[in-house]
Amino acid sequence: MADLKAFAEQLVNLTVKEVNELATILKEEYGIEPAAAAVAVAAGPAAGGAAAAEEKTSFDVVLKSAGSAKLQVVKAVKEACGLGLKEAKDLVDGAPSVVKEGLAKDEAESLKKTLEEAGAEVELK
């Protein structure tokens, strides 16, 4: 049991560079593709909070509610997502729901602004 604790201690104290090297070794030599989340968790404490301070690069636009101008919001969602009228209406009716996932910050902000101008309540995650 002490060996596992020592191993865990070594993992927690790895630098970001060492974690990336470990991921490469696991992938190339053993065919194991480490999950990005596991690498981030291992890198988080070792980076002294630097990894936590990194800016998020992928955003989801979430429609919290359609507000009072539901028709305008349905039209905005229809245009922004390239959906049919029924699909856009279903998405708006199902609020809170994700309108688009994995967008860059400017795209997400632009979509959020468009939907808010139509009267919707929107959140970026």
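What counts and what doesn't
Residues numbered from 1 in each chain as written. Predicted model: local features only at pLDDT ≥ 70, side-chain atom pairs only at ≥ 80, totals over all residues. Heavy atoms only, no water. Helix = DSSP H or I, 4+ residues; strand = E, 2+ residues; numbered from the N terminus. Buried < 20%, exposed > 50% of the residue type's maximum accessible area, 1.4 Å probe, protein only. Contact = heavy atoms within 4.5 Å. Areas by Shrake-Rupley, 256 points an atom, 1.4 Å probe, with all protein chains shown as cover. Pairing = 2+ DSSP bridges. Axes fitted to C-alpha atoms, helices over the stretch in contact; angles between N-to-C directions. Core = buried A, V, L, I, M, F, W, Y, C linked by side-chain atoms within 4.5 Å. Salt bridge = Lys/Arg side-chain N within 4 Å of Asp/Glu carboxyl O.

Draft legend 1. The overall build of the protein, seen in detail. Scanning the protein from terminus to terminus reveals seven helices and three strands. Element order for the protein, N to C, with α for helix and β for strand: α-α-α-α-β-α-α-β-α-β. Considering the protein as a whole, with its 125 residues, one finds that 20% of them fall into the buried category. For the protein, long-range pairs separated by at least 24 residues make up 65% of all intrachain contacts whose partners lie at least 6 apart in sequence. Counting every atom, the protein has about 8500 Å² of accessible surface; 55% of that belongs to carbon and sulfur.

Draft legend 2. Region of the structure containing the sheet that holds strand β1 (residues 59-65). Strand order across the open sheet formed by three strands is β2-β1-β3, with antiparallel pairing between neighbours. Every interior strand has two partners, whereas the edge strands, β2 (97-103) and β3 (121-124), have only one. Each strand axis lies, on average, 20 degrees off the axis of its neighbour in the sheet, ignoring direction. Bridging between β1 and β3 involves four bridges; their strand directions are antiparallel.

Draft legend 3. Representation of the environment of Lys112. Structurally, the position occupied by Lys112 is in helix α7 (residues 105-117). Taking C-alpha positions, Lys112 is 6.1 Å from Val122, a pair spaced 10 residues apart along the chain.

Draft legend 4. Examining the nonpolar core more closely. Ranked by internal contacts, the top residues of the largest apolar core, which has 19 residues, are Val61, Leu63, Val73, Val77, Val92, Val99 and Leu115. Secondary-structure elements contributing two or more residues to this core are β1, α5 (70-81), α6 (85-93), β2 and α7. Looking at this core element by element, the count peaks at four residues for α5. Excluding its chain neighbours within four sequence positions, the residues that come into contact with Val61 are Ser97, Val98, Val99, Lys100, Leu103, Ala108, Leu111, Leu115, Val122, Glu123 and Leu124.

Draft legend 5. A look at the pattern of salt bridges. Counted under the stated rule, the structure contains six salt bridges. A salt bridge links Lys64 to Glu121; the shortest N-O distance between them is 3.6 Å. Taken as a pair, Lys64 in strand β1 and Glu121 in strand β3 lie far apart in primary sequence, 57 residues in all. Given the relative accessible area of 43%, Glu121 is considered partly exposed. Between Asp93 and Lys70 there is a salt bridge, with the nearest N and O atoms lying 2.5 Å from each other. Placement of Asp93 in helix α6 and of Lys70 in helix α5 is noted, with a sequence separation of 23 residues between them. Look at the salt bridges and you will find they share partners, linking Lys70, Lys89 and Asp93 into a network.

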